[in-house]
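Coordinate inspection notes
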Amino acid sequence: MATSLSFSQFARGLSTETAFDVLAVARRLKAQGKDVIELQIGDSPFNSTQSALDGGIQAIKNNQSHYCPSLGLLSFRETVAGNYAKEYGIPISAENVVVGPGAKVFEQFFCEAFLDPGDAVLVFSPHFPTYGPNIERRGGQMVFSSLKQENQFRPDLNDVENFVKKHPKARAIFLNSPHNPTGGVATEADLKGIADLIRGRNIALFSDEPYDHMVWTGKHYPFLAQPGMLDQAVACYTFSKSYSMSGWRLGYAVSSKAIVEAIGKMINTALSCVPPIVQLAGEAALKNDAAERDQVMARFHKKVQLLVDDLKQVEGVKVFMPAGTFYVFPNVAPICQRLGIVSHGLAMYLLEGADDKKGVACLGGECFGPAGQGFLRFSCAEPDERLREAVAFFKEAIGHADRVKRYLEANPKYRIAGRI
Ligand SMILES: Cc1ncc(COP(=O)(O)O)c(C=O)c1O
């Protein structure tokens, strides 16, 4: 690059989703012959559902390979709306639906729609790592509310009240339930409490709901079921998890007609549209694959239970069955303290340092903000016997203080501050 060219302040400070960085390391080690159990990324180990695959092939054969409206194909938006109304009892129509390439991009469009520089956004933390960069894109500032293991990682309504009533620049809230990485699920009363606090104020809410079909305790309550919230919130959904379609890149947002049209302008100017082939695959999945989806969700549930049960047997680990999602988020702070290593250091040690031939890829809780320190995040994206193997490996690896010591000598950034 020419030396006179400098990156923007935003580009220079941009932080990214660590799961993709760890994925790159895991794949490099695998290519070198290491046996790596990959539990770092929130992807499904299952195939996309059958009608999605067939619908996509059919759409290609039908030459559905041109631009379409920025808001999405009308037939797909109608199918989404009909499905949503039936599933959640919220009477929406196609005009309340905008299609995107996955759910993540709506973080950016939500911020572009509602934030001006200096505006404050309440974020429950640990949090999905791309919230910060998307808020920063608009010059917004994050205000954190901690999610605590002793409170089942549910949102703290006192923090919401303080934020909306006292923060001079309060403008938006990012809510994610079921929650990545903790697996916490907000109760109906939590959602009502938040809606009651923001109703009628100039505060927009982003309700990130990619795991709506992965609730193991109770059921999923969509935020938009709260009275008036269609006009004040944007709820986002994805095909990545429920239909194992992460690589197709398909999701949608639900909101009022006015907000949907504002987001349509963002899509027009950034992406033009989502490929019709992908939308038609999603439409076929919604029409035909609910039973297959539910079977796959039940398999995820079992995997999560297996991982939790095995982790409970490891000394120094405090772990509960998550209320939802396919993540397990054990508290490993005593192990980190004993070994003098931060939790993401422990994760990287399991991958790189614990054994020359084998490794487990997972993430330290701090990849989701400082509130995640002392935790690990495991996803369940491997066969059951590999999950068992991963926990057995973990149990053994934390017993090798000599190897941890060597790993820390080579990677001093992972030392707990003040420890040698
Ligand atoms: C909380 C949360 N939001 C958004 C996303 C993005 O999903 P998508 O693949 O639809 O972009 C994820 C994916 O892991 C997630 O966990």
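Conventions and cut-offs
- Each chain carries its own residue numbering, running from 1 in the written order of its sequence.
- Local features in this predicted model are restricted to residues of pLDDT 70 or higher, and side-chain atom pairs are both shown and tallied only at a pLDDT of 80 or more, whereas totals for entire chains, interfaces and linings draw on every residue.
- Note that water and hydrogens are dropped before the side-chain values are worked out from all heavy atoms of the structure.
- Under the scheme used here, helices are H or I runs from DSSP no shorter than 4 residues and strands are E runs no shorter than 2 residues, and both carry numbers assigned from the N terminus.
- The quantity called the radius of gyration is restricted to C-alpha atoms. Its globule counterpart is 2.2 Å times the number of residues to the power 0.38.
- Think of it in three bands: with a 1.4 Å probe and only protein chains considered, a residue is buried below 20% of the maximum accessible area for its type, exposed above 50%, and partly exposed in between.
- Two residues qualify as a contact provided that any one of their heavy atoms is within 4.5 Å of a heavy atom in the partner residue.
- To measure how exposed things are, a 1.4 Å probe is used in the Shrake-Rupley method; for residues, cover is taken only from the protein chains shown.
- For the purposes of this description, domain bounds are those given by an automatic or database domain assignment.
- By convention, the term buried area covers the 1.4 Å-probe accessible surface removed from two parts as they join, with the contributions of both added.
- Salt bridges are identified by distance alone: a Lys or Arg side-chain nitrogen within 4 Å of an Asp or Glu carboxyl oxygen.
- Counted as a polar contact is a pair of N or O atoms within 3.5 Å, where, for protein atoms, one must be capable of donating a hydrogen and the other of accepting one, and residues adjacent in sequence contribute only when both atoms are in side chains.
- When residues are grouped by polarity, Ala, Val, Leu, Ile, Met, Phe, Trp, Tyr, Cys and Pro land in nonpolar, Asp, Glu, Lys and Arg in charged, and all others, Gly among them, in polar.
- Nearness here has a simple test: a residue counts as near a molecule or strand if at least one of its heavy atoms is within 4 Å of that partner.
- For this analysis, a nonpolar core means a set of buried residues of the types Ala, Val, Leu, Ile, Met, Phe, Trp, Tyr and Cys, connected via side-chain atoms within 4.5 Å.
- Criterion used throughout: strands pair if DSSP finds at least two bridges between them.
- Viewed with both strands pointing away, a crossover whose connecting path from the first strand over the helix to the second turns clockwise is right-handed.
- Helix axes use the C-alpha atoms of the stretch in contact, all axes being lines fitted to C-alpha atoms, and the angles between their N-to-C directions lie in the range 0 to 180 degrees.
- Any angle between 65 and 115 degrees counts as roughly perpendicular, while under 35 counts as roughly parallel, over 145 as roughly antiparallel, and the rest as oblique.
- Note on convention: near helix rotated counterclockwise from far helix by under a right angle means a left-handed crossing. Clockwise means right-handed.

1. What about the overall build of the chain?
Along the backbone of the chain there are 16 helices and twelve strands. Computed over C-alpha atoms, the radius of gyration of the chain comes to 22 Å, within 12% of the 22 Å expected from 2.2 N^0.38 for 420 residues, which places it in the range of a compact globule. Along the three orthogonal principal directions, the C-alpha set of the chain runs to about 60 × 55 × 55 Å. Each of the 420 residues in the chain was classed as buried or not, and the buried ones make up 56%. A separation threshold of at least 6 residues defines the contact pool for the chain, and within that pool the share at least 24 residues apart is 74%. With an accessible surface of roughly 18,000 Å², the chain has 51% of that area assigned to carbon and sulfur atoms.

2. Quick word on the domain arrangement of the chain
Each assigned domain of the chain is listed with its residue range as follows: domain 1 (9-47 + 292-399) and domain 2 (50-288). Relative placement of domain 1 and domain 2: their C-alpha centres are 26 Å apart. On the side of domain 2, 33 residues touch domain 1, which itself brings 37 residues to the contact. Together, Arg293, Thr325 and Phe368 form the three largest contributors to the area buried by domain 1 at its contact with domain 2, with a combined 21%. Run the count over domain 1 and domain 2 and you get one salt bridge. Of the charged contacts in the structure, one is a salt bridge between lysine 104 and glutamate 17, with a shortest N-O distance of 2.8 Å. Our count for the domain 1 to domain 2 interface comes out at 18 residue pairs in polar contact (both at pLDDT 80 or more). It is helix 12 (residues 290-311) that provides the largest number of residues to the side of domain 1 that touches domain 2, a total of seven residues. Class assignment of the residues belonging to the side of domain 1 that touches domain 2 gives a composition of 20 nonpolar, eleven polar and six charged.

3. So, the site of the ligand
Lining the immediate environment of the ligand, one finds 14 residues, of which Ala103, Asn180, Asp208, Tyr211 and Thr238 sit closest. Take lysine 104: an N or O atom from its main chain is 3.1 Å from an oxygen atom of the ligand. At 2.7 Å, a side-chain N or O of lysine 241 approaches an oxygen atom of the ligand. In the complex, the protein chains occlude 93% of the 400 Å² of accessible area that the ligand would expose alone.

4. A short note on the side chain of serine 70
Looking at the secondary structure, you find serine 70 in the loop between helix 3 (50-61) and helix 4 (74-88). Side-chain polar atoms of serine 70 contact the backbone oxygen of serine 272, separated by 2.7 Å. If we skip the residues at most four places from it in the chain, serine 70 touches Val99, Gly264, Ile267, Asn268, Ser272 and Cys273.

5. Things to note about helix 8 (residues 188-198)
Every buried residue of helix 8 is accounted for by Asp190, Leu191, Gly193, Ile194, Ala195, Leu197 and Ile198. Each element contacted by the buried residues of helix 8 is listed here: helix 7 (157-166), strand 5 (170-176) and strand 6 (204-208). Following helix 8 by one or two positions, glycine 200 adopts a phi angle in the positive range, close to 85°.

6. Concerning the pattern of salt bridges
In total, this model carries 19 salt bridges according to the counting rule given. With a shortest N-O distance of 2.8 Å, arginine 154 and aspartate 190 are connected by a salt bridge. Separated by 36 residues along the polypeptide, arginine 154 in the loop between strand 4 (141-146) and helix 7 and aspartate 190 in helix 8 bring together distant segments of the chain. Arginine 386 is the salt-bridge partner of glutamate 389, the closest N and O atoms lying 3.2 Å from each other. A residue pair is termed a helical-turn pair when its members lie 3 or 4 positions apart in one helix, as glutamate 389 and arginine 386 do in helix 15 (residues 384-397) at three residues. Looking at glutamate 389, the relative accessible area reads 29%, which means it is partly exposed. Classification of arginine 386 by relative accessible area gives buried; the value is 17%. The structure contains a network of salt bridges with shared partners spanning Asp35, Lys358, Glu382, Arg386 and Glu389.

7. Side note on the nonpolar core
In globular proteins that are soluble, nonpolar side chains generally tend to be buried together. If you look at the biggest cluster of nonpolar residues, it comprises 61 residues, and the most contacted ones within it are Leu346 and Phe394. Here this core gets eight residues from one element, more than from any other, and that element is helix 12. When residues are assigned to domains, this core turns out to be shared by domain 1 (9-47 + 292-399) and domain 2 (50-288), each giving three or more. Non-local contacts of leucine 346, meaning those with residues more than four positions away in its chain, are made with Val332, Ile335, Cys336, Leu339, Ile341, Leu376, Phe394 and Ile398.

8. A look at the pairing of strand 6
When you tally the buried positions in strand 6, you get five out of five residues, the bulk of the element. Of the two faces of strand 6, the one holding Ala204, Phe206 and Asp208 and the one holding Leu205 and Ser207 are both buried throughout. Pairing of strand 5 with strand 6, which is carried by five bridges, proceeds in the parallel orientation. Its bridge partner being in strand 6, isoleucine 173 is matched across the sheet by leucine 205. Traced from strand 5 through helix 8 to strand 6, the parallel crossover comes out right-handed. Pairing of strand 6 with strand 7 (residues 233-238), which is carried by four bridges, proceeds in the parallel orientation. Following the sheet pairing, phenylalanine 206 is matched in strand 7 by valine 234.

9. Structural notes on the packing of helix 4 against helix 11 (residues 276-288)
Between helix 4 and helix 11, the shortest axis-to-axis distance is 9 Å and the interhelical angle comes to 30°. Relative to helix 11, helix 4 is oriented roughly parallel. For the pair helix 4 and helix 11, the crossing hand works out as left-handed. Side by side, helix 4 and helix 11 meet where Ser75, Phe76, Thr79, Val80 and Asn83 of the first sit next to Gln279, Gly282, Glu283, Leu286 and Lys287 of the second. In terms of residue class, the contact of helix 4 with helix 11 is made up of three nonpolar, five polar and two charged.

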